[in-house]
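# Reading the structure
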Amino acid sequence: MRYSHLFGKTRKTAPHDADSANARLLVQGGFVDQTMAGVYSWLPLGLRVLRKVENIVREEMNAIGGQELLLPALQPKENWQKTGRWDKVDVLFKLKSQTGKEYALGPTHEEIITPLVGAFVQSYKDLPVALFQIQTKFRDELRAKSGVLRGREFGMKDLYSFHRNVEELNAYYPTVMRAYNEIFTRCGLDIRVTEASGGTFTKKRSHEFHVLTEAGEDRLVLCSSCSFAENEEIAKVAIKDPCPQCGGKLLGLKGIEAGNIFDLGTFFSDAFDLAFTDAEGARRRVVMGCYGLGTTRLVGALVEANYDERGIRWPKSVAPYDAHLVSLAGKKGTAVADAAEQLTRELEARGVEVLWDDRPEVSAGEKFADADLIGIPLRLVISEKTLAKESVEWKQRTADETHLEPLTAVAEKTVSWLNR
Ligand code: ATP
Ligand code: MG
């Protein structure tokens, strides 16, 4: 991709209301544009990152037997009345049609998926089943803040699982926890899992997955030597106590809740009479689990966990492009531009995604500043100087030093550096 053609360029000034690193850097880098508080347009560069995150999530959900579907955002009021949540969920967006009929804009999808599963599941042979969606959700948040971390319109993956009994759900729940750990590891994020209260509608088991960063809204109490962590809101331990798991030292840190998974029991299957016939011919309620993960919030959390004073430092797995090629053409001839175009082709032929800053009128300093702001993990520079040595300058976003690589070998080296 030629940077000169890319829609959505870097911006020199930060948005005046940016209250966090992701709000500032995602806008300045040309990843998103704020339409209004809590609502963003995803520009081509930002959408590439979001799609990569979504694909990692999708692959891990497929790997544990999840089947993807797409559910409506516009939802009937009656379904929300059936669960008693029409009046209880404070962040529910409610709409009135010109006909007077009322709707909800889906903040979550239990009210849709439970009756949907009821239409297809009759016997114990139809269970278990796990279904997921990756789509836009709406919440009337009192205060949208921290860029894409708390929006009124945002992306979420929700997985719902349906089981014949509690034991079957109990066996599946840790499988999802492992898949979540795999997702965060692949995104290059350090996370802590806390056990949480199940919210208003179920007092059952629930776990939160927190990305540790100062930008987080949640205060955690966690152990410096083992995996123990609790949300301070509900913590049974005090920071001065020894770790209840290993006796180690406890710390207070902040976390961004990127995922939250729940044992729903039969709350929703009771509301919608979701039942099946067991092997003995008896009717029994379906037992449910639900597993949320904020995909757009995760993009924000990735920025909060990976930036410096110059810009973003995307992990390789979610970067919008693999390599940022900068050509610094001199006054005479087109040798530099030709070599850059040739290298772009060579890299792309090997499956490397390249953003080529081909702008002829822009200074080296400005191009380097843009490369640092955008944060692609590898920067390659071709100039008359490097061409004279038949080489390319190599610089990783997370390192300060540069060195030269032979022009003929750099594509191959890039592929192996990317672990492809
Ligand atoms: P929070 O406590 O942050 O308000 P929640 O507990 O209400 O979130 P869940 O219902 O558990 O959120 O939703 C699952 C996931 O969706 C969250 O873990 C988070 O990653 C994401 N999410 C929830 N609300 C928002 C929002 N307003 N903007 C962006 N992502 C969100
Ligand atoms: Mg939650």
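Cut-offs applied
Residues numbered from 1 in each chain as written. Chains lettered and ligands numbered in written order. Predicted model: local features only at pLDDT ≥ 70, side-chain atom pairs only at ≥ 80, totals over all residues. Heavy atoms only, no water. Helix = DSSP H or I, 4+ residues; strand = E, 2+ residues; numbered from the N terminus. Contact = heavy atoms within 4.5 Å. Axes fitted to C-alpha atoms, helices over the stretch in contact; angles between N-to-C directions. Parallel < 35°, antiparallel > 145°, perpendicular 65-115°, else oblique. Left-handed = near helix turned anticlockwise from the far one by under 90°. Nonpolar A, V, L, I, M, F, W, Y, C, P; charged D, E, K, R; others polar. Polar contact = N/O pair within 3.5 Å; in protein donor to acceptor, adjacent residues only side chain to side chain.

Turning our eyes to something else, we now look at the environment of V336. Among the structural elements, V336 can be located in helix α9 (residues 335–349). Through-space distance from the C-alpha of V336 to that of S383 is 5.9 Å; in sequence the pair is 47 residues apart. Excluding anything up to four places from it in sequence, V336 contacts S327, L328, A329, I382, S383, E384 and L387.

The next subject is the packing of helix α2 (residues 44–63) against helix α8 (residues 295–305). It is the contact of α2 with α8, at a shortest axis distance of 9 Å, that shows an interaxial angle of 110°. In terms of their interaxial angle, α2 and α8 are classed as roughly perpendicular. The interaxial crossing formed by α2 with α8 has right-handed handedness. Along its contact with α2, which presents V49, L50, V53 and E54, the element α8 presents T295, T296, L298, V299 and L302. A breakdown of the residues in the contact of α2 with α8 according to their chemical character gives six nonpolar, two polar and one charged.

A few words on the side chain of Q75. You can see Q75 is positioned in strand β4 (residues 74–76). Side-chain polar atoms of Q75 contact the backbone oxygen of P72, separated by 3.2 Å. A polar atom in the side chain of Q75 sits 3.1 Å from the side chain of H109. Leaving out residues up to four positions away in the same chain, Q75 has contacts with W80, Y103, A104, G106, T108, H109 and I112.

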